[in-house]
Structure formats: structure tokens, C-alpha cells
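Coordinate analysis (summary)
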Amino acid sequence: MNQLTSPEPDPGPAPAALPGKLSEPLRAELIEFRRDLHMHPELGKQEFRTTAVLKARLEAAGLRPRVLPGGTGLVCDIGTRDGDADGGGDTRGDVDEQDATEGGADGDATRRPMLAIRADIDALPIPDTKTVPYRSTEPGRAHACGHDVHTTAALGAGLVLAALDRQGRLPAPVRLIFQPAEEVLPGGATDVVEAGVLDGVGRIIAVHCDPKVDAGRIGLRHGPITSACDRLEVTLSGAGGHTARPHLTTDLVTAAARIAVDVPAVLSRRIDARSGLSVTWGRIESGHAPNVIPQHAELSGTVRCLDLPSWREAPDLVHAAIDEVAALHRAKSTVDYVRGVPPVVNDQAVADLLREAMTARLGADAVEDTEQSLGGEDFSWYLEHVPGAMARLGVRAPDETRVRDLHAGDFDVDEYAITVGVELFTAAALLDARV
């Protein structure tokens, strides 16, 4: 299967009559837009081309996107005096014709807090191993986490909402946030927040592709939906020597091995098991010869946990456990604990908004409960400031016989997910205005 585009299922009559249904011409354009992004992936804080093509398309719709201070990423307001252009922009084809008489704005949309729609725009430093026509043209880089889909869905929603606004039918302002560097700890969201992008925002929503969920569905939950994720770098040092006389040395190979095995075990007895704190090593490096005990060793890994209290305790607990195990083997330890991201904790009211929006578009059966993931997501930084929620966007094709994992070179999506993302975002924006 080269191009994962399934026919759109017939959802039956919509439970709620909302305007803003995606038109067929725009749907086709968005698929091509996503494929273009997929062919030109850019790493965190290097997303200059991605930023430029987004800016050009938004400006063509008569909007005034603003590039973020770092030179990549955008923010664009819809339905506000500062966010809209004075004229221009052909958005007539962005909304289905049948919506022409539905709904309307009945108040001053510029005075209420905005709903923000956030998308991440960066790619990963891994090769694209697919054989599709739109595979990456950049060696060693791929959109293997679905950020191209997130970005395209947010763009499509912005174009539809801009069309409604020009028709006088957008009841409240909306802000689009195209964020760089989600994959770079502690995440580009911190820079976006510091730039003041949340000023005037009342609630924020996002999606993340989920290859375990069928295209045409989303996964939701109240409370934590992702986990905290930090990075851990450990350096060990000590007197080396000949392997014939380990008793006269600091056996750093054994010390590193014991840290890899014993630190997770020690931590399991020092923190509530329900916190889900997990230390997992991705790299151990030491020595150059079989008969030489080295003077240097390194370990790298991640620390993940399920709740905020545990995440706040984790640095001290992990540091102490490493030092204790290292001391047993007379090794000197240096710990570089790099803060990553806290868990994404969905606000109940905003999660319910997403559920209502999806139900309005595709029916109640299009929403399923989802579990908390051990993956990290810097969307959590926004939720330190405003309530919000993230949904898992189903991307699995109907004929898919296996789960295409995230962060894998063969990751791809059923592009019907783009339509679902657009209509989820637009419905949420329209329903949020009624709160």
C-alpha cells in the first residue's frame, strides 16, 4: 500500500448542524500540502521552508500571520481586528456550499478570550524508508511523528474559519499556533509561551496522530494523556588499569552495568508505584580494549513518570540513586539531569468540548476512550498557563494489518485523518463560542 488514502465513510446524519464543513477542493489541496511538507521535513528551529509555505497560504486567504521571534513558526489570529487583513484572499472554496445559510455571528467576537489551535511543525532526524511518491527528499530526516498532519489540519481549520469570518459567521476569535521544535527538549512551546502567544487565549486544543486508532476516530480522556519525559546523562570516572588486577582499579564497566540495572530497582522502592516512574537507558559506552579497565564511562537514558508530583520529585530521587550505586563501586558520578516536559493533563471541560465537536461532525461512535501514554509532548507547557486538551487523531488505514509505530522510518497515515482533524478543530471553535 503506497498511498494511504481511504474513502471517506458515510457518517450518517450529523447530530448537530454546524457550519464549516470542509469542501472537496480544499480537502484535495490539503492532501497535496501535507505531502509537500512530508517531502521537505525540517528539524527543530530549522523549519524555515515550512514556515514560509504556511505564511504564504495564510496570507493568500487574507490573513496576517506573524513569524515567531526565533524565525520559525507562526501565530495567526482569525476574527480579530489585528489578525485579519483589510481585504483580499479568496476563501470561497474553503467551505461546503451547503453551509451558506447555516449559523451566524451574533456578537462582538473581538472581546472574548480566544480558543487557540496548536500544531507542531518539526520533523525527526531519522531516514524515511517508505517507497511512496511523497517520501522525504531530505536524507536522514522524516516526518515520522505526524507533525505534517497536525500542521495541515490546523491550516485547513484556519482557512475554513477565515471563510466563515468573511461571511460574518465566525462567532468568536481563534488563534492558530504553528510551533517549532516540539522534538527538542524542553520543547519549543516554552519559547512560544515566553513570546506572549497565550496572551488573550482562554483555552487551547491540539491533536496527536495515533497509529493504533482508526482514521475517522479520535481518542480522548480526562486528566493525564501523556507522561513527563526528561533526559539523563551520567558520567563515571575512576582509576583504570589492567583487567588482571581489577582490585587495584575502579571497575567502571561493572559500575556502569550496575547503575543500568540497579538504579531502576532502587527507585521502584522509593516512590509510589502508581507514579509510573521509569528510567530506561538508551546508551552505555566505556572502554576501548578487552584487557584494559577504562577510566571513563557514560550512560544516557530517559526518565518518564505519569503524574506531576512524581515529576517534580524525580531529579533528586534519580540523582541520589545513581550516586549511591556508583559509590558502592568506588566510582565518581556526575549527573546531568535535563528537564524535558511535564505530562499533558487534559482539562475536563476542554476534553468534553472536543468530544462534543467530534460527535457533531461524525457521531458519538467516532470518539473512543484512550489510555495514558508514556510518551512526552511539549503541549503540556501551554497547560501550565491555560486550560486545554489534546486528542489522539486516528491515522490507521482500514486495510492496515499492523501498527505503524511513531518515530519509525516507515510511519505513514491514512490521509482521511486530515479531514477529521480539520472538522474537529472547526467544530470545536464554533462550539467553544457558545460557552
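Quick summary incoming for the structure in this document. (Residues numbered from 1 in each chain as written. Predicted model: local features only at pLDDT ≥ 70, side-chain atom pairs only at ≥ 80, totals over all residues. Heavy atoms only, no water.)

**Observations regarding the pattern of salt bridges**
Stated formally: Whenever a carboxyl oxygen of Asp or Glu lies within 4 Å of a side-chain nitrogen of Lys or Arg, that contact is scored as a salt bridge. Burial classes follow relative accessibility: with a 1.4 Å probe on protein chains only, a residue under 20% of its type's maximum area counts as buried, one over 50% as exposed, and anything between as partly exposed.
Enumeration according to the criterion identifies 32 salt bridges in this entry. In this structure, the salt-bridge partner of lysine 130 is aspartate 128, at a minimum N-O distance of 2.9 Å. For lysine 130, a relative accessible area of 5% puts it in the buried group. Accessibility expressed as a relative area gives 7% for aspartate 128, which makes it buried. Here aspartate 210 makes a salt bridge to arginine 392, at a shortest N to O gap of 4.0 Å.

**Looking at helix α7 (residues 348-362)**
Defined as follows: Secondary structure is summarised from DSSP: a helix means a run of H or I of at least four residues, a strand means a run of E of at least two, and numbering begins at the N terminus for each. Here the expected length of a helix is defined as 1.5 Å per residue gap, with one fewer gap than residues. Here, two residues are considered to be in contact whenever any of their heavy atoms come within 4.5 Å of each other. Pairs of N or O atoms within 3.5 Å make up the polar contacts considered here, provided that, within protein, one atom can donate a hydrogen while the other can accept it, and that residues adjacent in sequence are counted only when both atoms are side-chain atoms.
In this model, α7 (15 residues) spans 21 Å end to end at C-alpha, consistent with the 21 Å of a helix rising 1.5 Å per residue. Those residues of α7 that sit buried are Val350, Ala351, Leu353, Leu354, Ala357, Met358, Ala360, Arg361 and Leu362. Those residues of α7 that are buried lie in contact with β5 (201-214), β6 (218-220), β14 (345-346), β15 (367-369), β16 (388-396) and α8 (416-432). With a side-chain oxygen lying 3.1 Å from the backbone nitrogen of alanine 349, the N-terminal cap of α7 falls on aspartate 347. Note on α7: the residue one or two positions beyond its end, glycine 363, has a positive phi of about 95°.

**Looking at the sheet that holds strand β8 (residues 228-237)**
Remark on secondary structure: sheet strands pair via backbone hydrogen bonds, oriented parallel or antiparallel. We apply this condition: Here, any two strands with at least 2 DSSP bridges between them count as paired. Helix axes are fitted only over the stretch in contact, all axes being lines through C-alpha atoms; the angle between N-to-C directions runs from 0 to 180 degrees.
Sheet architecture is open: four strands sit in the order β10-β12-β8-β13, paired in antiparallel fashion. Each of the sheet's edge strands pairs with one partner strand only, and the pair in question is β10 (278-286) and β13 (332-341). Across the sheet, the axes of successive neighbouring strands diverge by a mean angle of 15°, strand direction being ignored. Examined bridge by bridge, β8 and strand β12 (residues 296-305) share 10 bridges and lie antiparallel to one another. The partner of arginine 231 across the bridge, within β12, is threonine 302. Where helix α6 (residues 308-328) meets the sheet, its contacts fall on β8, β10, β12 and β13, and the angle it forms with β13 comes to roughly 165°.

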